[in-house]
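Breakdown of the fold
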Amino acid sequence: MNIVIIGGGPIGCYAGYLLAQGGHSVTIYENHPQIGCPIQCTGILTSDFDELNLPMDSYLVNTIKRIEVFTPSQSLAVHQKDYIVCRTKFDTFCAGLAKKAGAKVLVNHAFMRKEGQHVIIKDLVRKTEKTITPNIVIAADGPLSPTAKAYGFFHPERESYYGIQAIVEGNFDPHTIKTYFGEEGCPGLFAWVVPESSTIARVGLATTKNTKYYFDKFMQEHNFTAKEIQAGTIPIYHPKQKLKHENCYVIGDASSYVKATTLGGLVPALKQAQILAECILQGKEFEREIRPVQRKMKLHLQLHRIFDKFKDHDWDTLVQYMNRSEISKILEQHTRDNPFPLVLKALWKEPRLLRFVKYLW
């Protein structure tokens, strides 16, 4: 089959790699002049990434061993393994996989519109348009996905966060991520300090409004000076977002496959791309096979709806409960990408956590 993928990020390229490896003709169109630029992601991978069995030498920046959580009057430390990657190098690696498998990767090529069964692509350098008629179109072109919109299944009720991140210099524990929760610091989510090394860190936060105000405030409070600024739109998972319409599938940020609790999307979207490729290669129904991943995303969304109503005393109380040794062990045994055992075991050990369920309504 002739398969066209719109978007040359890691999700589109990973899907392209798997499909080209399976014998299909794959072309990936990326509207930017360089794969992996601009950077709009912190670049954190949970240890669930190990399941993909991909070499990391070319893009791994740092390995995290611990996460520290700070609320207005409490703190918590959890031992957990995460990888920090260079997104430009990671995206380039995924594009390289696709090319080696036989896929074509064309930069400076943008999706323009859909005309019946045809797709119009514009060469941004030559200023020319071409018409293609693929068997399958895969929209992997980010949170605002013009491809998903053109195919009529970009859900109108989708919500997004707006994130700002800076590269800063300082003195950091190179193996510890720090997160800061509270109404005054970052309402509805958290601020983060993610070290690349003992002297360089990625510092940022995301909110639904007034992001720059809270970002500037956080930078000032911690005496950080930005060497480089990155910003972007981050979608929140929407359970009614369709994943297939006509001959088009949608994956990654374009499909809102982002954990609503942490805004991390790389690992679940890579898994989503893997399932889609298997479905196309084996003739399976994508929207049925993706359900196990969807259930995890829905639980993240429910937790997000609870946290979104938290006041400072709620964050403090939650961390107090989590600081029990039995709960800490559970947090260390399960990654953020698999919330079910984490939540169920935590509720079993600490029934007082049920007090927060009232925020679902």
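What comes next concerns the included structure. (Residues numbered from 1 in each chain as written. Predicted model: local features only at pLDDT ≥ 70, side-chain atom pairs only at ≥ 80, totals over all residues. Heavy atoms only, no water.)

**Thoughts on the overall build of the chain**
- Counting its secondary structure elements, the chain contains ten helices and 17 strands.
- By the compact-globule yardstick of 21 Å for 361 residues, the chain fits well, its C-alpha radius of gyration being 21 Å.
- C-alpha atoms of the chain, sized along the principal axes, occupy 60 × 40 × 35 Å.
- Relative to its full complement of 361 residues, the chain shows a buried share of 55%.
- Within the chain, contacts between residues separated by at least 24 positions form 68% of all contacts whose residues are at least 6 apart in sequence.
- Accessible area for the chain stands at about 16,600 Å²; split by element, carbon and sulfur atoms hold 50% of it. (Helix = DSSP H or I, 4+ residues; strand = E, 2+ residues; numbered from the N terminus. Rg over C-alpha atoms; globule rule 2.2 N^0.38 Å. Buried < 20%, exposed > 50% of the residue type's maximum accessible area, 1.4 Å probe, protein only. Contact = heavy atoms within 4.5 Å. Areas by Shrake-Rupley, 256 points an atom, 1.4 Å probe, with all protein chains shown as cover.)

**Focus on the sheet that holds strand S8 (residues 118–123)**
- Taken together, the three strands give an open sheet; going across it, the order is S7-S8-S9, and neighbouring strands pair in antiparallel fashion. Of all the strands in the sheet, the pair left with one neighbour each is strand S7 (109–115) and strand S9 (128–132). Each neighbouring strand pair of the sheet contributes to a mean axis angle of 25 degrees, computed without reference to strand direction. (Pairing = 2+ DSSP bridges. Axes fitted to C-alpha atoms, helices over the stretch in contact; angles between N-to-C directions.)

**Considering the pattern of salt bridges**
- Following the criterion strictly, the structure yields 17 salt bridges and no others.
- A salt bridge links Glu350 to Arg324; its shortest N-O distance comes to 3.0 Å. On the criterion of sequence distance, the pair formed by Glu350 in the segment after helix H10 (339–349) and Arg324 in the loop between helix H8 (312–322) and helix H9 (325–333) is long-range, its members being 26 residues apart.
- Residue classification places Arg324 among the partly exposed positions, given a relative accessible area of 27%. (Salt bridge = Lys/Arg side-chain N within 4 Å of Asp/Glu carboxyl O.)

**Re the sheet that holds strand S6 (residues 104–106)**
- Reading across from one edge, S6-S2-S1-S10-S17-S16 is the order of the six strands in this open sheet, with mixed pairing throughout. Since the sheet does not close on itself, it has two edges, and those belong to S6 and strand S16 (244–245), each with one partner.
- For S16 and strand S17 (residues 248–250), the ladder comprises two bridges, and the chain directions are antiparallel. If you follow Lys244 over to S17, its bridge partner there is Tyr249.

**Side note on the nonpolar core**
- In terms of nonpolar packing, the biggest core is built from 116 residues, with Phe49, Ile138, Ile251 and Phe286 touching the most fellow members.
- In terms of residue count, helix H5 (residues 266–282) provides more of this core than any other element does, ten residues in total.
- Residue contacts for Ile138: discarding those within four places in its chain leaves Ile3, Val4, Ile5, Ile6, Leu19, Tyr249, Ile251, Leu276 and Ile280. (Core = buried A, V, L, I, M, F, W, Y, C linked by side-chain atoms within 4.5 Å.)

**Points about the pairing of strand S12 (residues 176–180)**
- Judged from the five bridges that link them, strand S4 (residues 60–70) and S12 form a sheet pairing that is parallel. Each bridged residue has a counterpart across the sheet, and for Arg66 the counterpart in S12 is Thr176.
- One ladder, built from three bridges, connects S12 with strand S13 (residues 191–195); its direction is antiparallel. Across the sheet, the residue bridging to Lys178 is Val193, located in S13.

**Re the packing of helix H1 (residues 10–21) against helix H2 (residues 87–100)**
- Their axes nearest at 7 Å, the elements H1 and H2 cross at an angle of 20 degrees. Between H1 and H2, the interaxial angle falls into the category roughly parallel. As for how H1 packs across H2, the hand of that crossing is left-handed. Residue-level contacts link Pro10, Cys13, Gly16 and Tyr17 of H1 to Arg87, Phe90, Asp91, Cys94, Ala95, Leu97 and Ala98 of H2.
- Grouping the amino acids of the contact of H1 with H2 by side-chain chemistry returns eight nonpolar, one polar and two charged. (Parallel < 35°, antiparallel > 145°, perpendicular 65-115°, else oblique. Left-handed = near helix turned anticlockwise from the far one by under 90°. Nonpolar A, V, L, I, M, F, W, Y, C, P; charged D, E, K, R; others polar.)

**With respect to the environment of Met219**
- Residue position: Met219 is located in helix H4 (residues 211–221).
- Residues Met219 and Ile330 lie 111 residues apart in sequence; the distance between their C-alpha atoms is 33 Å.
- Look past the residues within four positions of Met219 in its chain and what remains in contact with it is Ala166, Val168, Val203, Phe224, Thr225 and Ala226.

**Quick word on the layout of surface pockets**
- Put simply, the second largest pocket is a space of about 320 Å³.
- In this structure, the second largest pocket is lined by 15 residues; those nearest its centre are Asp48, Glu51, Val267, Lys271 and Lys296.
- Elements with a minimum of two residues in the lining of the second largest pocket: H5 and helix H7 (291–307).
- Each residue belonging to the lining of the second largest pocket can be placed in one class, and the counts come to seven nonpolar, two polar and six charged. (1 Å grid on protein atoms, 1.4 Å probe; cavity = no way out; pocket = protein on both sides within 12 Å on 5 of 7 lines; lining within 4 Å. Points joined across faces, edges and corners; volume = space filled by probe spheres on them.)

**Structural notes on H8**
- Within H8, eight of the eleven residues are buried, which leaves the element mostly enclosed by the surrounding structure.
- Those residues of H8 not exposed but buried are Asp314, Trp315, Asp316, Thr317, Leu318, Val319, Tyr321 and Met322.
- Elements in contact with the buried residues of H8: S4, strand S5 (75–85), H7 and H9.

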